[in-house]
Amino acid sequence: MNLVASGVNVTLLGKPILKDISVEFPSGKLIGLIGPNGAGKSTFIRALAGLQVIESGQITLNNQQLHALAPLELAKKITYLPQTGECHWPMTVERVVMLGRHPHLDNHLSSDVDMQAVEQAIQDVDITHLIGRSVNELSGGERARVMLARALSTQSDVLLADEPIASLDPRHQIEVMAVLHELANKGKTVLVVLHELHLAMRYCDNLLMLDQGQKASEGLPDDVLTFDNLRAVYGIDALFGSHQNANWLLPWEIKKGKKN
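Residues numbered from 1 in each chain as written. Predicted model: local features only at pLDDT ≥ 70, side-chain atom pairs only at ≥ 80, totals over all residues. Heavy atoms only, no water.

Trainee: It is not clear to me how helix H1 (residues 41–48) should be interpreted in this structure. Could you clarify?
Mentor: Since there are 3.6 residues in each turn of an α-helix, residues three or four apart along the chain are aligned in direction. A large share of H1 lies buried, amounting to 6 of its 8 residues. Three or more residues of H1 are buried, namely Lys41, Thr43, Phe44, Ile45, Ala47 and Leu48. A positive phi of about 80° marks Gly50, the residue just after H1. (Buried < 20%, exposed > 50% of the residue type's maximum accessible area, 1.4 Å probe, protein only. Helix = DSSP H or I, 4+ residues; strand = E, 2+ residues; numbered from the N terminus.)

Trainee: Honestly, the pairing of strand E9 (residues 206–211) in this entry has me stumped. Any pointers?
Mentor: In summary, the side chains of a regular strand alternate between the two faces of the sheet. Along E9, 5 of the 6 residues are buried, which leaves the element largely enclosed by surrounding structure. As paired elements, strand E3 (residues 29–34) and E9 share 4 bridges and run parallel to each other. The residue of E9 that forms the bridge with Leu33 is Leu208. Hairpin remark: E9 followed by strand E10 (residues 214–219), antiparallel, with 2 residues in the connecting loop; positive phi at Gln212, about 55°. (Pairing = 2+ DSSP bridges.)

Trainee: Before we go on, may I ask you to explain the pattern of salt bridges in this structure?
Mentor: Once the charged atoms of two side chains with opposite charge are near each other, the side chains can pair. Under the counting rule described, the total for this entry stands at 7 salt bridges. Where Arg101 meets Asp114, a salt bridge forms, and the shortest distance between an N and an O atom there is 2.8 Å. With Arg101 in the loop between helix H3 (93–98) and helix H4 (112–124) and Asp114 in helix H4, this pair connects stretches of sequence that are 13 residues apart. A relative accessible area of 3% means that Asp114 is categorised as buried. Lys215 is paired through a salt bridge with Glu218; the nearest N and O atoms lie 3.0 Å apart. Among the charged side chains, a network of salt bridges with common partners joins Asp126, Arg171 and Glu175. (Salt bridge = Lys/Arg side-chain N within 4 Å of Asp/Glu carboxyl O.)

Trainee: What is the right way to read the side chain of Arg145 from this model?
Mentor: Considering the arrangement of structural elements, one finds Arg145 in helix H5 (residues 140–153). Buried within the structure, Arg145 lacks any salt-bridge partner; Asp126 is the closest side chain of opposite charge, at an N-O distance of 4.1 Å. (Lys, Arg positive; Asp, Glu negative; His and termini not counted.)

Trainee: Please explain the sheet that holds strand E4 (residues 56–61) as it appears in this structure.
Mentor: The strands making up a sheet are joined through hydrogen bonds of the backbone, oriented either antiparallel or parallel. In space, the 4 strands of this open sheet follow the order E2-E1-E4-E5, with antiparallel pairing throughout. On the outer flanks of this sheet lie strand E2 (15–25) and strand E5 (64–65), each paired with one strand and no other. In this sheet, E2 lies alongside strand E1 (residues 3–12) in antiparallel orientation, the contact comprising 7 bridges. Opposite Leu12, over in E2, you have Lys15 as the bridge partner.

Here's what the structure looks like:
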């Protein structure tokens, strides 16, 4: 699935949030959406999911405008995972994950295909040991993985995830990024909002850096996460190196007179 934003503008409460953003998200790539707090990342990813009204421009999926797709059809093609992993009902883990199959259910009845998709998603995010427990009894990190499993069980062509690893411990951050990268390798379009720049550099195929609602940089991680870009957009200096033929970075210190 080829997801394309062309000249997208969003204004909320009279304030410009996104300013003339044009970018293409091809299939088979894990794309990291990065930028400081308030850069417009969450608004943009909601717009790409068809959940945020845009003031001007257009967003297309395989050359078809999002608003032309019926809601159920859109839900089959694009899965959106929001920042919060709240669940307002005392549902078991497996029932929550099954909610991701809702767009595919025939008369609300699950099939063997649905059950297989749920089981695979549960295995992918390492929550088999949580089966049978109420999602409201879980820790924040465990609940976040359950919500990711729900998104994965949809098996849509496009996955849009807003900070899916924010509340996870280092081990599960690495596991989730590896799962997302594997999904992209299988031909999915995966866009992930990240604050963990070291993981963005390691796992993402491409990066889109936003700053104050505008596109600040786009391209390969090594081309986006440069010393100059990090200074200009984040107001930080970073350390760079390489290990096992891969580059890494470590945010190191704040530069005075730059970003607040």
